[in-house]
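Structure assessment
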Protein chains: 2
Amino acid sequence: MVTSVLLTGAAGRVGSAILGGLGQDYDWRLIDREPPTGKDNHQSDHEYVVADITDKDAIREAMEDVDVVIHLAGDPRPEAGWDSVITNNIDGTHTVFEAAIDAGVEKVIFASSNHVVGHYETERKPDIYRTSSDFQLDGTELPRPSNRYGISKATGEIIGRFFHDEYDIGVVCLRIGNLTKDHPPIDYERGQAMWLSYRDCAHLFDCCITSDVDYEIIYGISDNDRKYYSIDRAHEVLGYDPQDNSADYTD
Amino acid sequence: MVTSVLLTGAAGRVGSAILGGLGQDYDWRLIDREPPTGKDNHQSDHEYVVADITDKDAIREAMEDVDVVIHLAGDPRPEAGWDSVITNNIDGTHTVFEAAIDAGVEKVIFASSNHVVGHYETERKPDIYRTSSDFQLDGTELPRPSNRYGISKATGEIIGRFFHDEYDIGVVCLRIGNLTKDHPPIDYERGQAMWLSYRDCAHLFDCCITSDVDYEIIYGISDNDRKYYSIDRAHEVLGYDPQDNSADYTD
């Protein structure tokens with residue numbers, strides 16, 4: 001039987017990367033507060049629900065008969081204000097997990113962010129972005145968010161930890177780097193260090209959907225020479241085997 | 001000049017322990033949503049503001065000319081529901097930190113909780129509560145909250161981390177154990193493991209007020225034989241020197 005996947009925030013960039021790579025591999029239900037745009041974002045041919053993440057009834061309804069939830073919905077702006085992130089990201093993520101438990105969902109893949117650990121860079125940049133630096137983060141470190149968006153994503157990870165410990169639901173928190181199509185950011189060392197290509201993004205989410213997991217915090221980046229996020233855990237637990245490296249485009 | 005300390009949630013149990021021990025040592029301003037009770041909780045002779053933690057204007061006003069904030073206010077019930085903890089504990093703590101920054105406060109001492117790490121016990125109890133167990137938590141471990149109250153306190157610690165990293169305000173997150181007056185809990189191994197006596201509580205907060213700190217996560221318990229929270233960091237950074245041990249009362 002084909003795995004049924006609910007994708008929240010489906011109309012965003014991460015959603016497009018996922019659907020572009022995996023649109024034919026799973027039975028998708030998409031949800032976004034914006035209606036489908038009809039452009040090149042791979043939303044056609046899938047069930048599509050227009051609803052905001054704050055609409056608890058709609059979220060609950062969309063969970064029906066779902067095996068896996070990929071939760072991307074929320075305010076994606078690093079500069080987002082507190083009122084927005086506490087509502088859309090913190091409360092919204094709690095809504096998703098609670099509904100997932102009630103619907104018997106097996107696994108939630110939560111889009112966390114590099115901003116959860118942004119302040120590890122403060123005293124180390126720009127050296128941290130260079131191949132000469134040995135500094136690495138691996139997901140066992142305590143959060144040091146660089147903005148309120150990062151606070152909200154760190155809280156989402158903790159919400160996931162609670163629901164895993166309490167109800168044994170599988171949870172993967174993906175600290176997604178800098179996702180860009182075609183090529184890595186130009187003249188932006190930080191973006192090159194944490195670049196995630198579209199095909200590596202789709203592959204990583206595919207690994208998350210198919211792997212047997214308990215609770216994981218995973219860095220989601222390509223195999224960049226400049227990386228300061230370890231992808232060892234992604235390889236070990238999920239079988240993540242990235243194909244791209246920002247150095248192939250920029251050095 | 002005497003240090004000016006704002007104490008939020010002053011009418012609760014932790015507030016009583018603090019004021020009972022330190023009432024004469026600092027220039028206190030108390031705030032609580034309940035008016036003073038006039039009973040034996042040491043609220044008399046101090047400035048007292050009746051206001052809810054959700055009243056942002058009142059919180060801002062109470063910060064004026066304050067050196068140190070001790071933030072206890074919030075829903076203290078481990079069984080509290082999500083709507084209450086996201087409002088009173090998560091949003092309330094963000095309000096306090098934001099107001100503290102704007103008022104030029106030097107340090108915030110945040111009442112966190114043992115419930116931030118409650119799920120480390122799940123597979124280890126009751127052995128973890130016994131002197132034969134070597135397992136210890138020291139504050140470097142990732143949160144594993146055992147309830148939504150614990151999620152909210154873990155989030156408060158992360159909010160504190162952000163404001164410290166961003167504005168260099170001193171922050172101590174105290175994961176307070178089981179505070180009881182006179183003697184430790186009877187027939188409750190967990191409570192004996194994490195007992196905090198009133199006088200050790202007052203001494204610990206005194207250490208927090210007087211010490212020079214950056215950002216710390218500290219376990220707040222007495223020196224119990226049964227302890228599985230390390231108090232080494234409290235001793236090293238704050239000079240905490242507890243006088244009590246639940247074993248003196250119960251074994």
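Residues numbered from 1 in each chain as written. Chains lettered and ligands numbered in written order. Predicted model: local features only at pLDDT ≥ 70, side-chain atom pairs only at ≥ 80, totals over all residues. Heavy atoms only, no water.

Attention now moves to the UniProt feature "active site" (unreviewed entry) in chain A. Residues and elements named next belong to chain A. As recorded in UniProt, the sites labelled "active site" (unreviewed entry) are Tyr149. Counting through the fold element by element, tyrosine 149 comes out in helix 4 (residues 148–167). Under the relative-accessibility criterion, tyrosine 149 is labelled buried at 9%. For tyrosine 149, the residues in contact, after removing those within four places along its chain, are Asp75, Pro76, Arg77, Pro78, Val85, Asn89, Ser113 and His115. (UniProt positions renumbered as here; feature names shortened; annotations may be inferred. Helix = DSSP H or I, 4+ residues; strand = E, 2+ residues; numbered from the N terminus. Buried < 20%, exposed > 50% of the residue type's maximum accessible area, 1.4 Å probe, protein only. Contact = heavy atoms within 4.5 Å.)

Laying chain B over chain A is done by rotating through 180 degrees and shifting 0.0 Å along the axis; what remains is an RMSD of 0.0 Å. Put plainly, the chains are arranged around a two-fold axis. When the interface residues of chain B are mapped onto chain A, 100% of them again fall at the interface, so both copies present the same face. (Least-squares fit on C-alpha atoms with pLDDT ≥ 70 in both.)

Moving residue by residue along a regular strand, the side chains alternate between the two faces of the sheet. All names here are of chain A. Among the five residues that make up strand 1 (residues 4–8), five are buried, leaving the element largely enclosed by the rest of the structure. Where burial is concerned, the two faces of strand 1 agree: the one with Ser4, Leu6 and Thr8 and the one with Val5 and Leu7 are both buried. Summarising the sheet, strand 1 and strand 2 (residues 27–32) pair through five bridges and their orientation is parallel. By the bridge assignment, valine 5 is partnered in strand 2 with tryptophan 28. The handedness of the strand 1 to strand 2 crossover, carried by helix 1 (residues 13–22), is right-handed. Where strand 1 meets strand 4 (residues 68–71), four bridges bridge the pair, whose relative direction is parallel. Paired with threonine 8 across the strands is histidine 71, a residue of strand 4. (Pairing = 2+ DSSP bridges. Right-handed = clockwise from strand over helix to strand, strands pointing away.)

Let's shift gears to the sheet that holds strand 9 (residues 215–220) of chain A. Residue and element names in this part refer to chain A. Pairing is parallel in the open sheet, where seven strands are placed in the order 3-2-1-4-5-6-9. Sheet topology places strand 3 (47–50) and strand 9 at the edges, where each strand pairs with a single neighbour. For this sheet, the mean inter-axis angle between neighbouring strands, taken without regard to orientation, is 20 degrees. Summarising the sheet, strand 6 (residues 170–176) and strand 9 pair through six bridges and their orientation is parallel. Following the sheet pairing, valine 171 is matched in strand 9 by tyrosine 215. Each of strand 4, strand 5 (107–113) and strand 6 touches helix 3 (residues 82–103); the most contacted strand, strand 4, lies at about 180 degrees to it. On top of the sheet, helix 4 reaches strand 5, strand 6 and strand 9; it is set at about 160 degrees to strand 5, its chief contact. (Axes fitted to C-alpha atoms, helices over the stretch in contact; angles between N-to-C directions.)

Listed by partner, the interface residues are 30 residues for chain B and 30 residues for chain A. Counting across the chain B and chain A interface gives four salt bridges. In this structure, Arg148(A) engages Glu98(B) in a salt bridge whose closest nitrogen and oxygen atoms are separated by 2.9 Å. Connecting chain B to chain A are 13 residue pairs in polar contact (both at pLDDT 80 or more). When residues of the side of chain B that touches chain A are traced back to their parent elements, those giving at least two are helix 3 (82–103) and helix 4 (148–167) of chain B. For the side of chain B that touches chain A, the element with the highest residue contribution is helix 4 of chain B, accounting for eleven residues. In terms of residue class, the side of chain B that touches chain A is made up of 13 nonpolar, seven polar and ten charged. (Salt bridge = Lys/Arg side-chain N within 4 Å of Asp/Glu carboxyl O. Polar contact = N/O pair within 3.5 Å; in protein donor to acceptor, adjacent residues only side chain to side chain. Nonpolar A, V, L, I, M, F, W, Y, C, P; charged D, E, K, R; others polar.)

On to the packing of helix 1 (residues 13–22) of chain B against helix 6 (residues 198–210) of chain B, then. Residues and elements named next belong to chain B. Two elements in contact, helix 1 and helix 6, have axes whose closest approach is 8 Å; the angle formed by their N-to-C orientations is 75 degrees. Taken together, helix 1 and helix 6 sit at an angle that is classed as roughly perpendicular. For the pair helix 1 and helix 6, contact is made by Arg13, Val14, Ala17, Ile18, Gly21 and Leu22 and by Tyr198, Cys201, Ala202, Phe205, Asp206 and Ile209, respectively. Across the contact of helix 1 with helix 6, the residue classes break down as nine nonpolar, one polar and two charged. (Parallel < 35°, antiparallel > 145°, perpendicular 65-115°, else oblique.)

On to the pattern of salt bridges. Within the structure shown, the criterion is met by 32 salt bridges over all chains. Note that Arg175(A) and Glu157(A) form a salt bridge whose closest N and O atoms lie 2.8 Å from each other. You can see Arg175(A) sitting in strand 6 and its partner Glu157(A) sitting in helix 4, a full 18 residues away along the chain. Summarising the burial analysis for this pair, Arg175(A) and Glu157(A) share the class buried. A salt bridge links Arg199(B) to Asp244(B); the nearest nitrogen and oxygen atoms lie 2.9 Å apart. Here Arg199(B) is found in helix 6, whereas its partner Asp244(B) is found in the loop between helix 7 (232–238) and helix 8 (247–250), with 45 residues between them in sequence. Given the relative accessible area of 53%, Arg199(B) is considered exposed. Through salt bridges with shared partners, a single network forms among Arg130(A), Glu189(A) and Arg226(A).

Residues and elements named next belong to chain A. The residue after lysine 125, namely proline 126, is reached through a cis peptide bond having omega 5 degrees. Mapping proline 126 onto the fold places it in the loop between strand 5 and helix 4. The backbone of aspartate 65 sits at a positive phi, close to 60 degrees, despite the residue not being glycine. Position of aspartate 65 relative to the elements: it lies in the loop between helix 2 (56–62) and strand 4.

Attention shifts here to a negative patch on the surface. There is a patch of like negative charges on the surface, built from Asp55(A), Asp57(A), Glu61(A), Glu64(A) and Asp65(A). Here Glu64(A) is to be found in the loop between helix 2 and strand 4. (Patch = residues over 30% accessible without salt bridge, like charges linked within 9 Å, V, L, I, M, F, W, Y side chains within 5 Å. Areas by Shrake-Rupley, 256 points an atom, 1.4 Å probe, with all protein chains shown as cover. Lys, Arg positive; Asp, Glu negative; His and termini not counted. Charge placed at Lys NZ, Arg CZ, Asp CG, Glu CD.)

Attention now moves to the UniProt feature "binding site: NAD(+)" (unreviewed entry) in chain A. Residues and elements named next belong to chain A. The residues that UniProt annotates with the feature "binding site: NAD(+)" (unreviewed entry) are Asn88, Ser113, Tyr149 and Lys153. Mapped onto the elements, serine 113 comes out in strand 5. From its side chain, serine 113 meets the backbone nitrogen of histidine 115 in a polar contact 2.9 Å long. Residue classification places lysine 153 among the buried positions, given a relative accessible area of 5%. What lysine 153 contacts, discounting residues up to four positions off in sequence, is Asn89, Phe110, Ala111, Ser112, Ser113 and Val116.

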